[in-house]
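# An overview of the molecular structure
For reference, the chains in residue letters:
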Amino acid sequence: MRAICLGGGPAGLYFGISMKLRNPDAQITVLERNKPDDTFGWGVVLSDETLGNLEANDPVSAREIRSHFAYWDDMALVYKGETIVSSGHGFCGIGRKRLLMILQARARELGVDLQFEVEVKSASAYMDDYDLVVACDGLNSKTRLEFEDTFKPDIDVRKCQFIWLGTHQKFDDAFTFIFEKTDKGWLWVHAYQFDDDTATFIVECSQQTFDNYGFGDKTQQETIAICEEVFKDHLGGHSLMTNAKHIRGSAWIRFPGVLCETWHHENVVLLGDAAATAHFSIGSGTKLALESAISLAKHVSDDKDLTTAFEKYEEARRLEVLRLQSAARNSVEWFEDVERYLDLDPVQLNYSMLTRSQRISHENLRERDAKWLEGAEKWFMEQAGAGSNGPVRAPMFAPFKLRDMNLTNRIVVSPMAQYKAVDGAPTDWHLIHYGERAKGGAGLVYTEMTCVSPDGRITPGCPGLYAPEHEAAWKRLTDFVHTETEAKICCQIGHAGRKGSTRIGWEGMDMPLNEGNWPLVSASAIPWSDEN
């Protein structure tokens, strides 16, 4: 097996390592246009789960990586002069340069041919000379563009602008999010330690704030000067640094979300950011690259047929990629719309931020930091009007006030059509049905659609509120709910429109009545279906 990796980042290096571990006789070459110690990021974040996967694949490099990690268990929100900390999140950071040095050393030790400061040609130039061409050429992959008709990439450029900076200020106690309001708009920071002396400091803002500052026309040093002033209270006198001096002008970018329909073409396969990206706000880009490299090496080694290996690689990794991209999309959309949340109390903002990706649920927060969550629940109960000495409960059990209506909790029984009314009047069936729902403890019970006129009914079994006998029947029902339970009951008023004058569902869904059809009133003369 002769394989060549186009790109010497973590994905290409770790594929070379993983492939040589499985097939020591394989000839693996990694091409990189930059110097060995060039890097244009600062730190990378990995989870405990990813560390376990690396150790299972290659204990030697995993042990070396682990020895250089900065660990933290906390996340901190700094907002309106207040710092809120929650624990149990279990992350670690390492400098990108350090990670590359470790992977380069391990790759050389295993016999991978590393070539730096070489001009990497198009993938097609290597296809005839190598059995396998691994395109790990990054976010702006030339290979993905070269075979665009095959890969069919979907590239979603997100709304916010960000710049990747570093600082010697310490953020070694927590992954820290800082929000600052300026006269030109909000700016916020994602900051985390990755070695003893240095932290990543990503500054992000909306397009409107970006334009108000004119960042697009400023040099990197001018941008840094502004950011140092905005975040001076959090930098402890330390400066901000860039390692993107190779970029002329502004180094701000908008994150491109990438997902390709297929990841292989003949003997070329995409790996890392070339195939799929995950937004930095969930810290999973390097995780995807390393774990995908393991999977690709495994399947290429196990299957002599490359097409089969590629298909299994895609099948094995696509679901995980989609799962992480879904979480990343939720996270990035939260930050894109963050200004709608910035009038919240810091406790509520922190809760919203922690659960933004939807990977962390309310009860998962309890597992991570029960003390913090109990404090947040107590705060929420008090804000909702519960006494400060009352029991602490989950938010769904907090009281709720809507004008003059007070609900004991936030559980609502949604409308459920029963089709058991007689001439529009609710019956004992409805008394038992709604009474039981109210006895179950819900704060609010909705009736099914209750019609405003006889010809506003969908079926003859639909209830109404257009005759004295209807009023009496509904009063009997609501009196029971109000007398015997703490629930409130709410009427959903509606009109069938063109769906009206049809049979009860079990007699023929949406079918016209066999007899006794009534005239319809609707916004249009379009029939509900071909049979109506």
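Structure: see above.
The structure displayed is predicted, hence computed values, not measured ones.

This paragraph deals with the sheet that holds strand β21 (residues 444-451). Within the open sheet, the 3 strands sit side by side as β20-β21-β22. Their pairing is parallel. Across the chains shown, the open sheet's two edge strands, defined by having one partner strand only, are β20 (412-413) and β22 (488-494). Bridge count between β21 and β22: 6 bridges; the pairing is parallel. Directly across from C451, in β22, lies its bridge partner G494. Together, β20 and β21 form the strand contacts of helix α15 (residues 428-439), whose direction differs from that of β21 by roughly 150 degrees. Packed on one face of the sheet, helix α16 (residues 468-484) meets β21 and β22 and runs near 150 degrees to β22.

Further remarks concern the sheet that holds strand β1 (residues 2-6). Overall, mixed pairing links the 6 strands, which are arranged β8-β2-β1-β9-β17-β16 in an open sheet. Each edge of the open sheet is held by one strand with a lone partner, namely β8 (113-116) and β16 (264-265).

Attention shifts here to the pairing of strand β2 (residues 27-32). Of all 6 residues making up β2, 5 are buried, and the element is well covered by its neighbours. Examined bridge by bridge, β1 and β2 share 5 bridges and lie parallel to one another. Across the sheet, residue C5 finds its bridge partner in β2, namely V30. What joins β1 to β2 is helix α1 (residues 10-22), and the crossover it makes is right-handed. Relative to β8, β2 runs parallel, the two sharing 4 bridges.

Our next topic: the side chain of H265. Structurally, the position occupied by H265 is in strand β16. Given a relative accessible area of 16%, H265 falls into the buried group. Setting aside residues no more than four positions away along its own chain, H265 makes contact with M127, F147, T150 and F151.

Right, let's talk about empty space enclosed by the protein for a bit. Under the definition given, this model contains 2 cavities of 30 Å³ or more. The computed volume of the largest cavity comes to approximately 50 Å³. Forming the walls of the largest cavity are W263, L271, G272, A275, A276, L288, S292, Y313 and V321. Those elements that provide at least two residues to the lining of the largest cavity are α10 (285-302) and α11 (306-336). A class-by-class count of the residues in the lining of the largest cavity yields 7 nonpolar, 2 polar and no charged. A volume near 40 Å³ is recorded for the second largest cavity.

The next point concerns the packing of helix α12 (residues 346-354) against helix α14 (residues 370-383). α14 packs onto α12 with a crossing angle of 130 degrees between their chain directions and a minimal axis gap of 10 Å. When the axes of α12 and α14 are compared, the pair comes out oblique. Here the hand of the crossing between α12 and α14 comes out left-handed. Here V347, Q348, N350, Y351 and L354 of α12 come into contact with α14, specifically with W372, L373, A376, W379 and F380. Grouping the constituent residues of the contact of α12 with α14 by class yields 8 nonpolar, 2 polar and no charged.

What follows is about a negative patch on the surface. Together, D172, D173, D196 and D197 line one region of the surface with negative charge. Structurally, D172 is set in the loop between β10 (153-167) and β11 (175-182).

Before going further, it helps to spend a moment on the packing of aromatic side chains. Tallied over the full model, the rule gives 26 aromatic pairs. Members of the aromatic cluster, connected to one another through ring pairs, are W72, F175, F177, Y192, W334, F335 and Y341. The residue whose ring lies beneath K420 is W429, and the NZ or CZ to ring-centre distance is 4.7 Å. When the ring centre of W518 is taken as origin, the NZ or CZ atom of R457, which lies over that ring, is 4.6 Å away.

Our focus in this paragraph is unusual backbone geometry. For K80, which is not glycine, the phi torsion reads 55 degrees and is therefore positive. Not every positive phi belongs to a glycine, and E117 is a case in point at roughly 55 degrees. In this structure, E117 sits in the loop between β8 and β9 (132-135). The exposure class of E117 is exposed, given its relative accessible area of 54%.

Attention now goes to the pairing of strand β12 (residues 185-193). The two faces of a sheet get side chains in turn, since along a regular strand they alternate between them. Summarising burial for β12: 9 of the 9 residues are buried, a large majority. The pairing of β11 with β12 spans 7 bridges and is antiparallel. When the bridges of β12 are listed, F179 appears paired with W188. As judged from the 7 bridges shared by β12 and strand β13 (residues 199-205), these two strands associate in the antiparallel manner. Residue pairing for β13: W188 is matched across the bridge by E204. Joining the antiparallel neighbours β12 and β13 is a turn of 5 residues.

Rules used throughout
- Residues numbered from 1 in each chain as written.
- Predicted model: local features only at pLDDT ≥ 70, side-chain atom pairs only at ≥ 80, totals over all residues.
- Heavy atoms only, no water.
- Pairing = 2+ DSSP bridges.
- Helix = DSSP H or I, 4+ residues; strand = E, 2+ residues; numbered from the N terminus.
- Contact = heavy atoms within 4.5 Å.
- Axes fitted to C-alpha atoms, helices over the stretch in contact; angles between N-to-C directions.
- Buried < 20%, exposed > 50% of the residue type's maximum accessible area, 1.4 Å probe, protein only.
- Right-handed = clockwise from strand over helix to strand, strands pointing away.
- 1 Å grid on protein atoms, 1.4 Å probe; cavity = no way out; pocket = protein on both sides within 12 Å on 5 of 7 lines; lining within 4 Å.
- Points joined across faces, edges and corners; volume = space filled by probe spheres on them.
- Nonpolar A, V, L, I, M, F, W, Y, C, P; charged D, E, K, R; others polar.
- Parallel < 35°, antiparallel > 145°, perpendicular 65-115°, else oblique.
- Left-handed = near helix turned anticlockwise from the far one by under 90°.
- Patch = residues over 30% accessible without salt bridge, like charges linked within 9 Å, V, L, I, M, F, W, Y side chains within 5 Å.
- Areas by Shrake-Rupley, 256 points an atom, 1.4 Å probe, with all protein chains shown as cover.
- Salt bridge = Lys/Arg side-chain N within 4 Å of Asp/Glu carboxyl O.
- Lys, Arg positive; Asp, Glu negative; His and termini not counted.
- Charge placed at Lys NZ, Arg CZ, Asp CG, Glu CD.
- Phe/Tyr/Trp six-rings, centres within 6.5 Å; stacked < 30°, edge-to-face > 60°.
- Lys NZ or Arg CZ within 6 Å of the ring centre and 35° of its normal.

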